[in-house]
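Here is how the chains run, residue by residue.
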Amino acid sequence: MAVRLADYTKNHIKRIRRIWTALVFINTGVFFVMLYLTTGQIASSILLSTPIFVLQIVTLLIVLPTSMTPIDVLSRAIVHVSGQANDVIAPNVNGTMHEKTGLKDMIDVVYRLATTAKPLYEDPDEVKRHKVMVSLMENLPFGVIGLTNELKVRYYNKNAPVLVDERGNQNIHLMFEDDNSLSRWVTQASTRSLSESKQWQHIQSALPGSPGRKIYDVFAQYTGNDASGIETVLITMERTGDYAQSEEEMDFISLAAHELRGPITIIHGYLDVLQEELGPTLQPEQIALFERLQVSASRLTGYVNNVLNAARYDRRHLTLSLEENTLANIYRIIQPDIALRASTQNRLLQVAIPDNLPTIAADKASLSEVMANIIDNAIKYSHEGGLVAVTAAVDGNFVKCSVQDNGIGMPAAVVSSLFKKFYRSHRSDKAFSGTGLGLYISKAIIESHGGSIGVRSKEGEGSVFTFSVPIYSTVADKLAASGNSNSGIISSGSGWIKNHAMFKG
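Note that this is a predicted model, so its numbers are computed, not measured.

A few words on the overall build of the protein chain. A count of helices and strands for the protein chain gives 16 helices and 14 strands. When burial is assessed residue by residue, the protein chain has 39% of its 505 residues classed as buried. Within the protein chain, counting contacts between residues at least 6 apart in sequence, those at least 24 apart form 65% of the total.

Quick look at the structure:
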């Protein structure tokens with residue numbers, strides 16, 4: 001009768017134990033006889049032989065488990081992939097000394113060979129179930145992709161967004177953002193738990209306007225140390241048609257916003273002319289009315305710019321020309337308008353942006369828009385008579401700007417969604433006007449500068465928004481090489497040009 005593979009190691013250890021035990025008795029007996037023949041004393045011969053016997057038994061108990069561990073691990077891996085019925089637990093050698101000894105590499109080879117080799121033992125019922133499973137997977141109305149711990153494609157069905165290049169490499173045809181990417185999530189999940197899931201919405205396969213572009217909702221399940229070698233499973237549901245309407249709506253909004261730009265500019269001009277010509281004759285309440293009209297017109301201009309910039313960003317057209325400038329100079333562009341907004345809403349504005357800060361790489365129009373968005377939010381959400389403090393300082397290779405208010409603040413659930421497009425909490429939606437695009441496009445602009453943006457907030461205690469942009473000297477060479485285009489910075493950093501590159505499986 002053939003021996004089960006699962007029983008091999010257990011039987012082999014028993015044989016080794018029997019042989020070693022026999023040798024222990026033989027060696028001890030020979031030593032005892034030699035002592036007795038030499039001394040003629042039975043008691044002393046027994047006394048001297050006993051430590052030798054005990055030492056050999058202890059050596060057996062220590063050496064045997066250690067020496068047999070590699071065989072045990074290898075045999076369990078082989079049994080696990082053999083296809084023969086067994087109750088053996090697959091070995092887990094990750095994070096153990098076996099990574100240093102090379103045993104882990106041997107186990108990985110066993111699993112890799114098992115994925116391509118025909119099983120030695122095929123249960124007819126198991127083969128039938130396998131064929132049914134393969135047929136079901138291929139005919140599912142959504143994509144299924146299996147990834148290794150290195151995020152290499154090991155399996156995919158016909159509806160999965162996977163492309164095979166001329167070298168035979170299998171690449172996932174999805175565009176994740178770097179700060180919310182698949183690889184980043186898997187890395188974080190592997191440090192948190194053995195099992196975790198996540199969902200993404202509106203993941204593109206290509207840039208807008210590209211032929212064959214599709215849009216997916218993606219569900220991922222991570223399972224660490226899976227014996228099959230597949231640690232991450234992706235489920236992709238194509239929803240191109242469902243998202244088409246929202247994209248068309250964005251196109252319409254962008255067109256409408258573009259058409260509004262002209263009339264708003266004219267309104268601004270007429271208000272300036274009227275204030276200049278009628279200034280000496282205006283009563284205080286009339287001056288206040290003109291100021292409110294100017295603030296409203298400026299805010300409307302900001303809304304229009306946010307809509308247009310959001311459309312440009314969504315289509316990956318937010319290409320900027322970055323020049324050497326100072327943050328203080330950029331703030332001066334918006335200073336009169338911001339000061340007017342603060343005074344008309346009875347807020348105390350305190351700005352401390354030193355002129356001697358290092359110069360930065362900036363598109364002054366876009367960066368001034370970010371500052372206006374963030375400071376205007378602080379003014380809007382502060383209490384009557386509240387302080388809004390704007391400060392700036394060097395932070396490593398960046399100049400960091402902070403905008404702090406002592407207003408209504410936000411709960412954690414709101415903070416986590418704050419930079420999403422069109423996001424507005426139910427409370428701000430009722431109390432304050434806006435498009436829900438200001439922070440979304442601010443994040444896009446800052447990342448397109450090669451910087452970062454964030455917020456700290458506590459409900460009832462106010463918020464602190466911060467953004468950082470590179471010091472000019474740290475990126476001057478890259479800018480010179482790319483003709484001052486931001487692609488020279490963000491293609492090798494964390495901006496959207498890299499963020500939305502194709503994910504390689």
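Next comes the rest of the description.
Strand pairs in the sheet, formed through backbone hydrogen bonds, run parallel or antiparallel to each other. Read across the sheet, five strands follow the order 2-1-7-6-5 without closing on themselves; strand pairing throughout is antiparallel. Looking at strand neighbours, the two that pair on one side only are strand 2 (153-156) and strand 5 (195-204), the edges of this open sheet. Taken pair by pair, the neighbouring strands of this sheet meet at an average axis angle of 20°, ignoring direction. Inspection of the sheet shows strand 1 (residues 143-147) paired to strand 2 by three bridges, in the antiparallel sense. Looking at the pairing, Ile145 lines up with Tyr156 of strand 2.

What follows covers the side chain of Ser205. Within the secondary structure layout, Ser205 lies in the loop between strand 5 and strand 6 (215-223). Overall, the relative accessible area of 2% leaves Ser205 in the buried class. At 2.8 Å, the side chain of Ser205 forms a polar contact with the backbone nitrogen of Lys214.

If you trace the five strands from one edge of the open sheet to the other, you get 9-11-12-14-13, paired in mixed fashion. Every other strand in the sheet has two partners, leaving strand 9 (348-352) and strand 13 (452-458) as the edge strands with one partner each. Neighbour to neighbour, the strand axes of the sheet diverge by 15° on average, direction disregarded. Alignment of strand 9 against strand 11 (residues 387-395), held across five bridges, turns out to be parallel. Paired with Leu348 across the two strands is Leu387, which belongs to strand 11.

On to the pattern of salt bridges, then. Between side chains of opposite charge, pairing is possible as soon as their charged atoms come close. Enumeration according to the criterion identifies nine salt bridges in this entry. Between Arg341 and Asp376 there is a salt bridge, and its shortest N-O distance comes to 3.2 Å. Highlighted residues: Arg341 in helix 9 (residues 327-344) and Asp376 in helix 10 (residues 364-380), separated in sequence by 35 residues. On the accessibility criterion, Asp376 (7% relative accessible area) is buried. Taking the shortest distance from any N to any O, the salt bridge between Lys458 and Glu461 comes out at 3.9 Å. Ionic contacts of the salt-bridge type, sharing partners, join the residues Asp217, Arg239 and Asp242 into one network.

Conventions used here
Residue positions are counted from 1 within each chain, in the order its sequence is given. Side-chain atom pairs in this predicted model are given and counted only at pLDDT of 80 or more, local residue features only at pLDDT of at least 70, and totals for whole chains, interfaces and linings cover all residues. Excluding hydrogens and water, the side-chain values take into account all heavy atoms of the structure. Secondary structure elements follow DSSP: runs of H or I of four or more residues count as helices, runs of E of two or more count as strands, with numbering from the N terminus. The buried label applies to any residue whose accessible area, calculated with a 1.4 Å probe on protein chains only, is under 20% of its type's maximum; exposed applies above 50%, and partly exposed to all values in between. We call two residues in contact when some of their heavy atoms are within 4.5 Å. Think of it this way: DSSP has to see at least two bridges between two strands before they count as a pair. Lines fitted to the C-alpha atoms define the axes, with helices restricted to the stretch that makes contact. Angles between their N-to-C directions range from 0 to 180 degrees. Pairs of N or O atoms are called polar contacts if they sit within 3.5 Å, as long as, within protein, a hydrogen donor faces a hydrogen acceptor (for residues adjacent in sequence, only side-chain-to-side-chain pairs). The working definition used for a salt bridge is a side-chain nitrogen of Lys or Arg within 4 Å of a carboxyl oxygen of Asp or Glu.

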